[in-house]
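Tertiary structure, described
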Amino acid sequence: MCATMMPMKPTNKTSWGKEATWYSEHLKDADTYHAKVILPNVVRLVAPKKGQKVLEIGCGEGFFAEEIAKKGSVVTGCDISPELIALAKKKGKASYLVTPAQDLSMFKDGSVDVVLAVLTLQNMERLDLVMKEVSRVLGKTGRFIFVLNHPVIRSPQTSSWDYDEKKKVQYRRLDAYLSERKVSIDMHPGSGKKSLTYSFQRSLQEYMKLLRGAGFSITRLEEWISHRKSTPGPRAKAEDVARKEFPLFMMIEAQGH
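Let me begin by describing the structure that accompanies this report. What you see is a predicted model; the values in this text were computed from it and never measured. (Residues numbered from 1 in each chain as written. Predicted model: local features only at pLDDT ≥ 70, side-chain atom pairs only at ≥ 80, totals over all residues. Heavy atoms only, no water.)

Once that is clear, we can look at the overall build of the protein chain. Scanning the protein chain from terminus to terminus reveals seven helices and eleven strands. Classification of the 257 residues of the protein chain by burial places 47% in the buried group. Entry remark: accessible area of the protein chain is about 13,300 Å², with carbon and sulfur atoms responsible for 52%. (Helix = DSSP H or I, 4+ residues; strand = E, 2+ residues; numbered from the N terminus. Buried < 20%, exposed > 50% of the residue type's maximum accessible area, 1.4 Å probe, protein only. Areas by Shrake-Rupley, 256 points an atom, 1.4 Å probe, with all protein chains shown as cover.)

Written out as structure tokens, the structure reads:
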């Protein structure tokens, strides 16, 4: 743990509540990574069916929970933000409740078939507690499916795109990786209205340690690339090649021992 990390203790607060309205509006865009890349892959992996019990932790305003519920699963979404849950409850297909992911005491041991976490574990501080709770509520054949901003390729504030003019190649620059860090992110840079959310950078090996500590074994890992293409220009070809070579997201599926 590096010196900039805050003490690791359970919290019932989130920096995302104040961004609830903005986030909900953002997801209405049909060309987001959520809609074009993540959603079809999540539906494929969860394989929704009648009677299947799905719990989405850190569900936000219900974007993924609703789509899975529409396909037949019995879905409950939980989030620490009452503002986000208030928006989710207006949608009506899934059930929702306000609780931090490290407290799933309202669910019995082994009562859930799939626990889903999409782009949310990276915003949670006490993942050790979260994963132990997920392990507890999952049945013997239950699956934990989670999606991250790629922890190797997309390290917040220490990774970036750069361009080699001589080789005409776009490449990914990484300035730090192994150090565990809490990072503040300005959600609306340049707007004159600073709004910070917080993310926790963890290495891939740290996620492996946390999973093993909670009794999980990895059953599947996938890396997902961008669906977008550059507009015509001198760097368009290099940009499109880089998009196919450097994945934006990593999906891990795990099961208990």
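Resuming the write-up.
Take the pairing of strand E4 (residues 112-118) next. The buried fraction of E4 is high, at six of seven residues. Pairing analysis gives three bridges linking strand E1 (residues 53-57) to E4, with the strands arranged parallel. From the neighbouring strand, Glu56 faces E4, where its bridge partner is Leu116. The pairing of E4 with strand E5 (residues 138-149) spans six bridges and is classified as parallel. Residue pairing in the sheet places Val114 in a bridge with Arg143 of E5. (Pairing = 2+ DSSP bridges.)

Here the structure, examined in full by the defined rule, presents six aromatic pairs. Taking 5.0 Å as the distance between ring centres and 40 degrees as the angle between the ring planes, the aromatic pair formed by Phe144 and Phe146 counts as tilted. Residue classification places Phe146 among the buried residues on the basis of a relative accessible area of 0%. Ring centres of Phe144 and Phe216 lie 5.6 Å apart, and the angle between their planes is 40 degrees; on these two criteria the pair is classed as tilted. Here Phe144 is found in strand E5, whereas its partner Phe216 is found in strand E10 (residues 216-224), with 72 residues between them in sequence. Of the residues examined, Phe144 reaches a relative accessible area of 0% and is grouped as buried. (Phe/Tyr/Trp six-rings, centres within 6.5 Å; stacked < 30°, edge-to-face > 60°.)

Packing of helix H5 (residues 127-137) against helix H6 (residues 204-213) brings their axes to within 9 Å, and their N-to-C directions diverge by 45 degrees. Between H5 and H6, the interaxial angle falls into the category oblique. In this structure, H5 crosses over H6, and the sense of that crossing is right-handed. Facing H5, whose interface residues are Leu127, Asp128, Met131 and Lys132, H6 presents Tyr207, Leu210, Leu211 and Gly213. Considered class by class, the residues forming the contact of H5 with H6 number five nonpolar, one polar and two charged. (Axes fitted to C-alpha atoms, helices over the stretch in contact; angles between N-to-C directions. Parallel < 35°, antiparallel > 145°, perpendicular 65-115°, else oblique. Left-handed = near helix turned anticlockwise from the far one by under 90°. Contact = heavy atoms within 4.5 Å. Nonpolar A, V, L, I, M, F, W, Y, C, P; charged D, E, K, R; others polar.)

In this section: the pattern of salt bridges. According to the stated counting rule, one finds 15 salt bridges in the structure shown. Put simply, Asp109 and Arg136 hold a salt bridge, and the shortest N to O gap is 2.7 Å. Linking Asp109 in the loop between strand E3 (95-98) and E4 with Arg136 in helix H5, this pair joins segments that are 27 residues apart in sequence. Classification of Arg136 by relative accessible area gives partly exposed; the value is 24%. Linking Asp240 and Lys229 is a salt bridge whose minimum nitrogen-to-oxygen distance equals 3.7 Å. Residue Asp240 is located in helix H7 (residues 236-245), and its partner Lys229 is located in the loop between E10 and H7; the two are separated by eleven residues in the primary sequence. Lys229 gets classed as exposed once you look at its relative accessible area, which sits at 65%. Through salt bridges with shared partners, one network takes in Asp109, Glu133 and Arg136. (Salt bridge = Lys/Arg side-chain N within 4 Å of Asp/Glu carboxyl O.)

Another point: unusual backbone geometry. If you check the backbone angles, Ala47 has positive phi at about 50 degrees while not being a glycine. As for its position among the elements, Ala47 is in the loop between helix H2 (33-46) and E1. Even without glycine at this site, Leu119 takes up a positive phi of about 50 degrees. Here Leu119 is to be found in the loop between E4 and H5. For Leu119, a relative accessible area of 16% translates into the label buried.

On to helix H3 (residues 63-70). Most of H3 sits out of view: six of its eight residues are buried. Turning to H3, the residues buried within the fold contact H2, E1, strand E2 (74-79), helix H4 (82-89), E3 and E4.

If you look at the biggest cluster of nonpolar residues, it comprises 30 residues, and the most contacted ones within it are Val42 and Trp224. Put simply, the parts of the chain that give this core at least two residues each are H2, H3, H4, E4, E5 and strand E11 (249-256). With seven residues, H2 is the largest single contributor of residues to this core. With residues up to four places along the chain from it excluded, the contact list for Trp224 reads Val37, Ile38, Asn41, Val42, Arg44, Leu45, Val147, Pro247, Leu248, Phe249 and Met251. In this structure, Ile57, Val137, Leu148 and Tyr207 belong to the second largest nonpolar core, which totals 28 residues. (Core = buried A, V, L, I, M, F, W, Y, C linked by side-chain atoms within 4.5 Å.)

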